[in-house]
Amino acid sequence: MLTKLKRTIFLIPAFLACSVLYAQTSVLRGKILDAKGKPVYGASIKVKGTTTGVTTAEDGSFNIPVTGNDQLEVSAIGYRQQEFPLTGQTEISITLTQSNAQLEEVVVTALGVKREKRNLTYSTQEVKGDDLLKTKEPNVVNALAGKVAGMQITSSSGTPGASSRMVIRGNSSIYGDNQALIVVDGVPINNDETGNLYSGPGTNRLSDIDPATIETINVLKGSAATALYGSAGSRGVVMITTKTGSTNRKPTLTFSQDLSFEKPLVPEVQTTYGQGDRGNFFNGEDQKTSAVWGPRMDTLKINGQPAPTYDQMDLFFRTGVTSNSSVSVNGGGANSSYYLSYSYFDQKGTVPESDYKRHSLFTKFTSRITDKLTSTVQVTYAGSESNRPPEGYVLESPVWTVFTAPVSWNPLPYQNDDGTQRVYRFSRNNPYWVLDHINNSARVNRVIPVLTFNYTPTNWLTITERFGADVYSEQSKYVEAPSDVLATTGRIIDRNYNFRQFNNDLLVTAHKDFGNFNTNLVLGSNIFSSYNQTYQGDGRGTSIDDYENMANASTINYSESEYQTRKVGFYAQANVEYNRFLNLSLTGRYDGSSVLAKDKSFYPYGSAAVAFVFSEFLNERTRSWVDMAKVRASIASVGNDNTVGPYSLQTPYEKATIGTISFPYQGQTGFLMSQTLGNPFLKNERINEYELGFEGRFFKNRLGVEVSYFNKQTKYGLVQAIPVAPSSGFASTNLNSAEMENKGWEVVLNATPVRSGKFSWDLTLNYSRIRNKVLELYPGLPQAGNGFTQVIVGQPYGVKWGGTYARTEDGRLLIDDGGLPIRGADGIIGNITPDWMAGLNNNFRYGPFSLSFFFDLKMGGDIENNVDGYGYFYGTPKATEDRGERVVAGVRESDGKENTTPVQGQDYWRRLNSITEAVIQDGTYLKLRNVNISYEIPKSLLSKTWMKAATFTVSGRNLWIYSPHFTGADPEVSSFGSSNGSQGIYSFSTPTSRSVNFSLRISF
């Protein structure tokens, strides 16, 4: 008995020890979600009072050893830290609430890594997907206009699907690509301008992305922010994060329908005078002339009756109609989530027969394969078709004829009884004939797959494998029927363009705390390849009407080109935070490129940055109104790899042209070496930049201020067509010899002036001022051409160059003996760079009602108004209504005396036609770019219906434009596309539009 008692006494503590041991080793499985049911990745879960802790996987899941009565401490960037007592459960789902402080805002940085904005050592700016949708812009680039400090957006024209240009912190390359790198969910994608085979703009390929699938866009501006992209980081990076599904949520189906109506914004023309010359009337039938210097329309009689007036703009342009239908579904189970979206966009342009249609399909699936492994599979598909007429000042452009046609001429019908065109002048097609006989069409099919695996072997280590591709093909065709007016024989251009790009990143992310030090380390490698192939046939001399096949051409010239590049990169980044007030970030990247010489193919880039949160040391009284304040500084060196193209080091053979003979000739092919000598020593351009900044949040986050100053220097800038000695047998070569500077200020202000009950008012103001200067081209080369602008040492990039007014030393006009201004030598006549830019967005909300409106301001930036330039000769701009006799103020060149010779208005305006300086106009504008009014039906009214939510919205775009110095309708244009050399000119492009949009969004 005693022995049994001893055994019992001995077993009791052993049993208790086993119970405690069992309790210590029990595993709690759980998931961390946000208020919308979406998983919170990277949340920290700790057992209070112990060192035990884990972080959540991408699907928000975690496993942690606990005892039955432990207490969990849960924290995540952007959310309030919370504690949760345990009561013996083995599974738990925890919902976090977002922090009111934007100090803990999470942003997506380079390579898709999420970081707390408080800890960033450089400037970045986020735009929410909802703000993009409010603009009702089909092109993501246009939707960003005015919203980001330091970013300049320039649209090309109002043609459906027309391209737009996006430049961050100024132009940094003379001839290379200056537009920002686009990255979608960590994978770079192509944003080239394609699709146009004749005059006018094409389509930038970011337009293939449906804005409705975007969750956020983060703009990485400076080199320190983009250094992880190495040789592609100099232009800034636009990080697009797409929408994702929600775990533990039943399927939610959302349908939206937009319908908008567009009215073209046309330049004002004179309607007082009819067709003719020197006041004499030409009827445009048996008397033809391009001049509109005829009699007054209010006195003109035809066959004894008052002459009718024809509003050429109103007759030709139509009301554009745009429809956008989309449906999406998202949801998920315990271990997976999904998001699917489909949209159909259909825009009928204001020019008849012009349109742009796009089918978009987006899918994203996230799965937790094991406790430590998650996967995300997503695919974007876009299929688009577009039709557009030629634009600009080419003879085939219908807009030219519409803008310059006299109000006394009826353009319809466009054909005579014998089938020839009815025209009022020679050498210009009837614009209505063009609509039926000339067209540029393009069809694109594009797929962007992204596959991401995240493996978390420990709570502080994550291994990510991300593969992405961008594959598209474009079939474009230009068809031009024979024209009896232009004496052309007909033409067909047929182009097939195939593009594919592959990107793979393998990165290891480690996150560990060491006392007061919070460290984050990223190591990775990148493999990138790009390939494009073009087949083009150019046929001339067509004989069969409406037969748009290359076989219809009598002379056909085919060409083929293909280019391939490969890059590899190795990168590392270390971020160290000390005691929540000091942050240090170091980045390094080592790239190799296939386009460079073997002994120069690898090159390093890097950055160093620091941020000091000095608000941690303020006294309690100051901290009552200063929520956070920090200063930051960075220095970086990155590259631009879009300057040295494939095979640029070699001297290729090209189809030969000898005198007037072009090969192939009489069945014989012929090739000659290119006149541009290849340079085997070319290398990538390099950008060295430093940045200083301040960020602060005040008054319980009711006010936020961010100020940045940057200075970046371009080194080894590529200069094309540098002359070489004729004795070499070549005409020119390309060298890395240019230097350029950009420096400027950026300010972002966020404020909530009112937040009371159901009413709130939020506003965001951004401002940027950038100064650019070309420091060097090549010794002995002070100036180089660049399309419609010039690059001149000592001047800003992209100055306007052309015929000036001849002037005296004190600036007065020199006048000839006939009383007219004298055209002087060619010189600098304008600067396309704005003095400064700003944007102001206001959001008001009262209960279910919301109102937002956005003002966009650009101060300065000169434009060559080519429409007025030609119009001064014809007599069509509004200014030419003033055509009476005048004495031009100035000094006679012949004797130096004050001019007193009177001249007729027609002679005066025609003289200005030959002086380019006369049509350089200040492009300053203030736009009411967007107004948005919406009503969200209260859920109490929907509780007995099948709908979960419903919102009705009315919005307007370009409702008001103030441009006091520009005589066209909209100074935000670049008529020939988004390339460097196409900027600063307005020339008979399809007008942009003022639109009203109606939208309904329903979820169930």
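- Per an unreviewed UniProt entry, the protein chain goes by the name Putative TonB-dependent receptor and belongs to Flavihumibacter petaseus NBRC 106054.
- Of the protein chain, the UniProt comment under Sequence similarities (unreviewed entry) reads exactly: "Belongs to the TonB-dependent receptor family."
- Taken directly from UniProt, the Subcellular location (unreviewed entry) text for the protein chain runs: "Cell outer membrane".

1. Points about the pairing of strand E43 (residues 732–756)
Part 1: Looking at chain direction, strand E40 (residues 676–677) and E43 are connected through two bridges and run parallel. Residue Leu 677 lies in a different strand from E43, and its bridge partner there is Thr 733.
Part 2: When strand E42 (residues 703–723) meets E43, the two strands line up antiparallel, connected through 17 bridges. In the strand pairing of E43, Gly 717 is matched with Ala 738.
Part 3: Direction of pairing for E43 relative to strand E44 (residues 759–776): antiparallel, over a ladder of 16 bridges.

2. Describing the environment of Phe 517
Part 1: Relative to the helices and strands, Phe 517 is located in strand E31 (residues 517–542).
Part 2: Taking C-alpha positions, Phe 517 is 68 Å from Met 313, a pair spaced 204 residues apart along the chain.
Part 3: If we ignore the near neighbours within four places in the chain, the residues touching Phe 517 are Lys 512, Val 576, Glu 577 and Tyr 578.

3. A short note on the UniProt feature "domain: TonB-dependent receptor-like beta-barrel" (unreviewed entry) in the protein chain
Part 1: When the UniProt feature table is mapped onto this chain, "domain: TonB-dependent receptor-like beta-barrel" (unreviewed entry) is found at residues 407–959.
Part 2: Along residues 407–959, the helical share is 6% and the strand share 59%, with 27 Å between the first and last C-alpha atoms.

4. Focus on the nonpolar core
Part 1: Counting 25 residues, the largest nonpolar core has Phe 316, Phe 317, Val 402, Phe 403, Trp 433, Tyr 986 and Phe 988 as its most contacted members.
Part 2: Where this core is concerned, the elements lending two or more residues are helix H5 (312–316), helix H6 (398–404), helix H7 (431–437) and helix H9 (866–874).
Part 3: Once residues within four sequence positions are removed from consideration, Phe 316 is found in contact with Thr 350, Val 351, Pro 352, Pro 398, Val 402, Pro 431, Tyr 432 and Leu 435.

5. What to know about the pattern of salt bridges
Part 1: Applying the stated rule across the entire model yields 46 salt bridges.
Part 2: Note that Asp 641 and Lys 567 form a salt bridge whose closest N and O atoms lie 2.3 Å from each other. Of the two residues, Asp 641 is situated in the loop between strand E35 (626–640) and strand E36 (653–655) and Lys 567 in strand E32 (residues 553–578); the sequence distance between them amounts to 74 residues. We note that Asp 641, like Lys 567, is buried.

6. Some words on the sheet that holds strand E59 (residues 985–986)
Part 1: Across the sheet, three strands lie side by side as E56-E52-E59; this open sheet has mixed pairing. Of all strands in the sheet, those with a lone pairing partner are strand E56 (920–922) and E59, marking the two edges.
Part 2: Relative to E59, strand E52 (residues 862–865) runs parallel, the two being bridged by two bridges. Residue pairing for E59: Asn 865 is matched across the bridge by Tyr 986.
Part 3: Of the strands in this sheet, E52, E56 and E59 are in contact with H9, which crosses E52 at around 35°.

7. What to know about helix H10 (residues 905–912)
Residues separated by three or four positions in an α-helix point in the same direction, a consequence of the helix having 3.6 residues per turn.
Part 1: Among the residues of H10, those classed as buried are Gly 905, Gln 906, Tyr 908, Trp 909 and Leu 912. Viewed end-on, H10 has its buried residues packed into an arc of 160°, placing them on one side of the element.
Part 2: Where H10 is buried, its residues contact strand E20 (276–277), strand E47 (799–805), H9, strand E53 (886–887) and strand E55 (902–903).

8. Considerations on the domain arrangement of the protein chain
For an interface, size is often stated in terms of accessible area lost upon the parts coming together.
Part 1: Under the domain assignment used here, the protein chain contains domain 1 (26–95), domain 2 (273–308) and domain 3 (645–681).
Part 2: Domain 2 and domain 3 are separated by 53 Å when their C-alpha centres are compared.

9. Looking at the environment of Glu 739
Part 1: Considering the arrangement of structural elements, one finds Glu 739 in strand E43.
Part 2: Remark: the alpha-carbon pair of Glu 739 and Ser 760, spanning 21 residues in sequence, is separated by 49 Å.
Part 3: Once you skip the residues sitting within four places of it in the chain, Glu 739 turns out to touch Thr 714, Lys 715, Val 774, Leu 775 and Glu 776.

10. Structural notes on the sheet that holds strand E3 (residues 53–55)
Part 1: Taken together, four strands build an open sheet; the order of strands is E3-E2-E5-E6 and the sheet is antiparallel. Every other strand in the sheet has two partners, leaving E3 and strand E6 (82–85) as the edge strands with one partner each. Here the average twist between neighbouring strands, direction ignored, is 20°.
Part 2: Where strand E5 (residues 71–75) meets E6, four bridges bridge the pair, whose relative direction is antiparallel. Residue pairing in the sheet places Leu 72 in a bridge with Phe 84 of E6.

11. Some thoughts on the packing of aromatic side chains
Part 1: Going through the model one piece at a time under the given rule, you end up with 45 aromatic pairs.
Part 2: Through a chain of ring-to-ring contacts, three or more aromatic side chains come together here, namely Phe 316, Phe 317, Tyr 393, Trp 400, Phe 403, Tyr 432, Phe 788, Tyr 870, Phe 873, Tyr 874, Phe 976 and Phe 988.
Part 3: The ring of Phe 873 carries the charged tip of Arg 910 above its face, separated from the ring centre by 4.0 Å.

Scoring rules and cut-offs
Residues numbered from 1 in each chain as written. Predicted model: local features only at pLDDT ≥ 70, side-chain atom pairs only at ≥ 80, totals over all residues. Heavy atoms only, no water. UniProt positions renumbered as here; feature names shortened; annotations may be inferred. Pairing = 2+ DSSP bridges. Helix = DSSP H or I, 4+ residues; strand = E, 2+ residues; numbered from the N terminus. Contact = heavy atoms within 4.5 Å. Core = buried A, V, L, I, M, F, W, Y, C linked by side-chain atoms within 4.5 Å. Buried < 20%, exposed > 50% of the residue type's maximum accessible area, 1.4 Å probe, protein only. Salt bridge = Lys/Arg side-chain N within 4 Å of Asp/Glu carboxyl O. Axes fitted to C-alpha atoms, helices over the stretch in contact; angles between N-to-C directions. Arc of directions from axis to C-beta. Domains from an automatic or database assignment. Phe/Tyr/Trp six-rings, centres within 6.5 Å; stacked < 30°, edge-to-face > 60°. Lys NZ or Arg CZ within 6 Å of the ring centre and 35° of its normal.

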